[in-house]
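For reference, the chains in residue letters:
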Amino acid sequence: MTMKFNSDFIFGTATASYQIEGAVVEDGRTPSIWDTFSHTPGRVYEGHTGDKACDSYHLWEKDLDLLADLGVGAYRFSIAMPRVIPAEDGLVNARGLDYYERIVDGLLARDIKPVVTLYHWDLPQYLEDKGGWLNRDTAYRLADYTHAVAERLGSRVRTYTTLNEPWCSAYLGYGDVVHAPGLGLGPGCFSAVHHLNLAHGLMAQAVRDVVGRDSEVSVTLNLQMNRGDADAVRRQDIIANRVWLDPMLRGYYPEELFAATKGICDWSFIHDGDLRDIHQSLDVLGINYYSSGLLALSGRPQFPQDMGATCAPGCSDIESLPTSGPHTAMGWNIDPRGLYNLLMRLTSDYPEMPLMVTENGEACDDELVWEDGHAHVHDDERCEYVRAHLEAVHQAISDGADVRGYFLWSLLDNFEWAYGYSKYFGIVHMNYETMERTPKDSFEMYKRIIATREV
């Protein structure tokens, strides 16, 4: 059955600064925590770094032309704070903002709406040296940076997104060791959780102070969609999902959170007025979705194992079970129904909040082949993944969810964090030696969907 999206539904694609830009020492940019992390032996696959990535800093016009050919209505990209505020003195680096202004103007010239992510994990190393997200002051430094960006780019940006996936920043980077800065603090990461929430609220206020209601304000969360034992699912939901949703959208932390973490965190880092600052009016809630999980109670004690590195503090008695069905090259299950269920759950719990799928896509074991003198990548599996998830989005809309758009991850194969260049999410193949970009079959499929608005 053919499904047709309304004319105002936004089709887009997305990237992130450290994953594509390269040029890590040019025009005043200083190191981020991901520069430090990727240059630390043993942290990233085969020692890969983002030093050159896709060289989009120099080849940005090629990438914008790809977007124009694809026909997207919007492009979600991130700004690297180390380009804009390169030193602890807080002074703005005009050359850094010049680059992003060129991107914005180039998008508008191609009739593509800019969607800016203000923080996609590349915290300046000088802030990490002061404690990073464990330090309350970092939230205020992010607000200052946001103010500078909004002053330069103004209402030319359709949507300012404060944070991308703060779950990863806090739990993978501070609770565990698999993302920068890789501290492995277990429950010690809860202060990072709160300071990320605080930064979101302060950054939202900074955008509003500069552009008022002339641009949208958003945040993007990678909410976990789990099934299995009800008690395990409920506790994971509190610690992984509601720890962001409730303060941002309701102005409080759930009491169940304090009960679930009573033995490992006292939450004394919450100051008077913080929740008022965190709870800001949003125009849209961004949702990143790739897969679902299956949980069970393991029978282990809840807290003793929580004192070491973990991305799920307070959940050491919960076990992740193998999931059935097909899996991606990341080992993640393919579950479009999970996206539908997540969108409907958010519609039920936060009915006032419009939604946007800000990331969705599949890592495949792509192979470049030559046929009739031309390069091709036949990624049928990715094509089917995108179609199935767009069908889930359409079904959610039909059932009452206010979903405004869909951004496919990602435009380009790129630096996939701790996996380096070993995983391929792009609908455009990258030759990292020549920097040649080759659209895959999924690019052409998505182009047809955008043109016809039909799946």
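As a reminder, the structure under discussion sits directly above these lines.
In this report, we go over the structure that sits alongside the text. Keep in mind it's a predicted model, so treat the numbers as computed, not measured.

Considerations on the overall build of the chain
Here comes step 1: For the chain, the count of helices and strands is 15 helices and 15 strands.
Here comes step 2: For 455 residues, the compact-globule formula gives about 23 Å, and the C-alpha radius of gyration of the chain, at 21 Å, lands near that figure.
Here comes step 3: Dimensions along the principal axes, computed over C-alpha positions, put the chain at roughly 65 × 50 × 45 Å.
Here comes step 4: The burial tally for the chain puts 61% of its 455 residues in the buried class.
Here comes step 5: Across the chain, the fraction of contacts at a sequence separation of at least 24, relative to all contacts at a separation of at least 6, is 77%.

Some details on the packing of helix H7 (residues 137-153) against helix H9 (residues 190-211)
Here comes step 1: Their axes nearest at 8 Å, the elements H7 and H9 cross at an angle of 25°. The angle between the axes of H7 and H9 places the two elements in the roughly parallel class. Read as a crossing pair, H7 and H9 show a hand that is right-handed. Side by side, H7 and H9 meet where Ala139, Tyr140, Leu142, Ala143, Thr146, His147, Ala150 and Glu151 of the first sit next to His195, Leu198, Ala199, Leu202, Met203, Ala206, Val207, Val210 and Val211 of the second.

Remarks on H7
Here comes step 1: Here H7 contains 17 residues, and its C-alpha end-to-end distance of 25 Å stays within 8% of the 24 Å for a straight helix at 1.5 Å per residue.
Here comes step 2: Of the residues making up H7, those classed as buried are Thr138, Ala139, Leu142, Ala143, Tyr145, Thr146, Ala148, Val149, Ala150 and Leu153.
Here comes step 3: If you follow the buried residues of H7, they end up packed against helix H4 (81-84), helix H5 (94-109), strand S3 (113-119), helix H6 (125-128), strand S4 (159-164) and H9.
Here comes step 4: One or two steps after H7, the chain reaches Gly154, where phi turns positive at roughly 55°.

Brief notes about the side chain of Ser292
Here comes step 1: Position of Ser292 relative to the elements: it lies in the loop between strand S7 (284-288) and strand S8 (293-297).
Here comes step 2: Side chain to side chain, Ser292 and Asp335 meet in a polar contact 2.6 Å long.
Here comes step 3: When sequence neighbours within four positions are dropped, the list of residues in contact with Ser292 reads Met225, Arg227, Thr323, Asn333 and Asp335.

A word on the sheet that holds strand S6 (residues 226-228)
Through backbone hydrogen bonds, the strands of a sheet pair up, either in parallel or in antiparallel fashion.
Here comes step 1: The sheet built from three strands is open, its strands ordered S6-S8-S9 with mixed pairing. In the strand order of this sheet, the two ends are held by S6 and strand S9 (318-320), each with one partner. Each neighbouring strand pair of the sheet contributes to a mean axis angle of 40°, computed without reference to strand direction.
Here comes step 2: Against the sheet, helix H10 (residues 230-249) engages S6, S8 and S9, with an angle of about 115° to S8.

Structural notes on the packing of aromatic side chains
Here comes step 1: Here the structure, examined in full by the defined rule, presents 29 aromatic pairs.
Here comes step 2: Between the aromatic rings of Tyr57 and Tyr99, the centroid separation amounts to 4.4 Å while the plane-to-plane angle is 35°, which identifies the pairing as tilted. Of this pair, Tyr57 sits in helix H3 (residues 56-70) while Tyr99 sits in helix H5, and the two are 42 residues apart along the sequence. Taken as a pair, Tyr57 and Tyr99 share a single burial class, namely buried.
Here comes step 3: Centre to centre, the rings of Phe258 and Trp267 are 5.7 Å apart; their planes meet at 70°, and the pair counts as edge-to-face.
Here comes step 4: On the basis of relative accessibility, which here comes to 27%, the residue Phe258 falls in the partly exposed class.
Here comes step 5: Using a relative accessible area of 6% as the deciding quantity, one classes Trp267 as buried.
Here comes step 6: Members of the aromatic cluster, connected to one another through ring pairs, are Tyr18, Trp34, Phe37, Trp121, Phe415, Trp417, Tyr421 and Tyr432.
Here comes step 7: The ring centre of Tyr99 lies 6.0 Å from the NZ or CZ of Arg83, which sits over that ring.

Thresholds applied
Residues numbered from 1 in each chain as written. Predicted model: local features only at pLDDT ≥ 70, side-chain atom pairs only at ≥ 80, totals over all residues. Heavy atoms only, no water. Helix = DSSP H or I, 4+ residues; strand = E, 2+ residues; numbered from the N terminus. Rg over C-alpha atoms; globule rule 2.2 N^0.38 Å. Buried < 20%, exposed > 50% of the residue type's maximum accessible area, 1.4 Å probe, protein only. Contact = heavy atoms within 4.5 Å. Axes fitted to C-alpha atoms, helices over the stretch in contact; angles between N-to-C directions. Parallel < 35°, antiparallel > 145°, perpendicular 65-115°, else oblique. Left-handed = near helix turned anticlockwise from the far one by under 90°. Expected span 1.5 Å × (residues − 1). Polar contact = N/O pair within 3.5 Å; in protein donor to acceptor, adjacent residues only side chain to side chain. Pairing = 2+ DSSP bridges. Phe/Tyr/Trp six-rings, centres within 6.5 Å; stacked < 30°, edge-to-face > 60°. Lys NZ or Arg CZ within 6 Å of the ring centre and 35° of its normal.

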